[in-house]
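# Fold and geometry: a report
So the chains spell out like this:
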Amino acid sequence: MYIQYTMDQLCLPMDLEEDIPQNHLVRVVNTAVNRLDDAIFDAAYTGGGRDSYHPKMLTKVIIYAYAQRIYSSRQIAKAVRENIMFMWIAGRQRPDFRTINRFRSERMKAVLETVFTAVLQFLADENYVQLEHYFVDGTKIEANANRYTFVWGKAVVKHKAKLQEKVQTLFATIEEAENQEEREHVGQDLSELGEASEITSEKLEIAVKQLEEKLQAKPKDKSLKKAVRALRKDLLPRLQTYETHQEVLGNRNSYSKTDKDATFMRMKEDHMRNGQLKPGYNVHIGTENQFILGYSVHQRPTDTRCLIPHLEKVKSALGKLPATVIADAGYGGEENYDYLEQNEIEAIVKYSTYHREKSKA
């Protein structure tokens, strides 16, 4: 009446592979990672201590977990204990969540790009992808940083210019207070600073030291003492701060003090509500046949300026550019069209005024 059901009965076959279909994704991950050279991982292991889990096994587990949209180290460790696909790819070994987290955040960090490129090469060799039609799009992801720690490039330039005016005025006041001989001497110092050129913190440091030496010879000169104190305690530190801000900014308009790589930009969900600017990154991903072939992270808010560096990264990873690029109007721009034409790439990329120009009006 019933099919025999005995939980205590030993069943054959005992190999988990028998329960995994031949075309299952877990087999693709297994084959791709097996093709990686072991030397890729060697640099991340110094040796000594107890034996480590094999890096290829951990890499397989993590890649397959991400493909199943499992990102928590605890959930991955749970799947390795309970899910047949994970059990098989892990060889029935059971790394805990700490091991998984340490591997992906410390050891795998340095080889992630190499692993990604090697897997792409496998996909190309097995004709999963041909790099014929490359679909690219981007989205802005908010950084894990305080929204109110912004540094604006224009504000830095403005405040730095005002500070330099104060420094010039202060030196002019010192000159006026000195006698003719001293005035000529300070004038030489100022000519080093260069009234027409930008005052740097290095030049100002030298000038302050010279004034401090002069103050030792005239310790009762109250105006000179006040000027030196203002330079040393206020103006010089502020100038150094502005220079640090400009160094971090580079060619950006802003950055966050709590995540200096993040740029302030308007997030996609806030566009319709005219929301505030938030620290974030502009992430771009390109796909073919549902495989991710390229990814890039940018500090630029506009998609238009991200297409060329994104494709250059794809070219460096795969050795060639795709035959056709498909993207939305956010990437439409003369510089991008010229780049695609120069590299003989067919462009299916609208520009922002395309529909307006095609309308009857």
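Residues numbered from 1 in each chain as written. Predicted model: local features only at pLDDT ≥ 70, side-chain atom pairs only at ≥ 80, totals over all residues. Heavy atoms only, no water.

With that settled, consider the pattern of salt bridges. Taken as a whole and assessed by the stated rule, the structure comprises nine salt bridges. Linking Arg-27 and Glu-17 is a salt bridge whose minimum nitrogen-to-oxygen distance equals 2.9 Å. Residue Arg-27 is found in helix H1 (residues 25-34), and its partner Glu-17 is found in the segment before H1; the two are separated by 10 residues along the sequence. Arg-27 gets classed as buried once you look at its relative accessible area, which sits at 11%. A salt bridge links Arg-232 to Glu-205; the nearest nitrogen and oxygen atoms lie 3.0 Å apart. One end of the pair, Arg-232, is in helix H11 (residues 222-249); the other, Glu-205, is in helix H10 (residues 201-217), with 27 residues separating them in the sequence. By relative accessible area, which is 27% here, Arg-232 ends up partly exposed. Connected through shared salt-bridge partners, Arg-35, Asp-125 and Glu-126 make up one network. (Salt bridge = Lys/Arg side-chain N within 4 Å of Asp/Glu carboxyl O. Helix = DSSP H or I, 4+ residues; strand = E, 2+ residues; numbered from the N terminus. Buried < 20%, exposed > 50% of the residue type's maximum accessible area, 1.4 Å probe, protein only.)

Turning our attention to helix H3 (residues 55-67). With 13 residues, H3 should reach 18 Å at 1.5 Å per residue; the first-to-last C-alpha distance of 18 Å fits that figure. Along H3, 10 of the 13 residues are buried, which leaves the element largely enclosed by surrounding structure. For H3, the full list of buried residues reads Pro-55, Lys-56, Met-57, Leu-58, Thr-59, Lys-60, Val-61, Ile-62, Tyr-64 and Ala-65. Along its buried surface, H3 packs onto H1, helix H2 (39-42), helix H4 (73-82), helix H5 (84-89), helix H6 (97-107) and helix H7 (112-125). Count one or two residues on from H3 and you reach Arg-69, which has phi positive near 60°. (Expected span 1.5 Å × (residues − 1). Contact = heavy atoms within 4.5 Å.)

Turning our attention to the packing of aromatic side chains. Applying the stated criterion across every chain yields a total of nine aromatic pairs. Taking 6.3 Å as the distance between ring centres and 40° as the angle between the ring planes, the aromatic pair formed by Phe-122 and Tyr-128 counts as tilted. Classification of Phe-122 by relative accessible area gives buried; the value is 5%. With 5.5 Å between their ring centres and 35° between their planes, Phe-150 and Trp-152 make a pair best called tilted. (Phe/Tyr/Trp six-rings, centres within 6.5 Å; stacked < 30°, edge-to-face > 60°.)

The next thing to look at is the nonpolar core. Residues Val-26, Val-61, Tyr-64, Phe-86 and Ile-89 are the most contacted members of the largest nonpolar core, which totals 29 residues. When residues in this core are grouped by element, the largest group, six residues, is from H3. If we ignore the near neighbours within four places in the chain, the residues touching Tyr-64 are His-24, Leu-25, Val-26, Val-29, Met-85, Phe-86 and Ile-89. Among the nonpolar cores identified, the runner-up in size contains 23 residues, and Val-151, Leu-215, Val-228 and Leu-236 belong to it. (Core = buried A, V, L, I, M, F, W, Y, C linked by side-chain atoms within 4.5 Å.)

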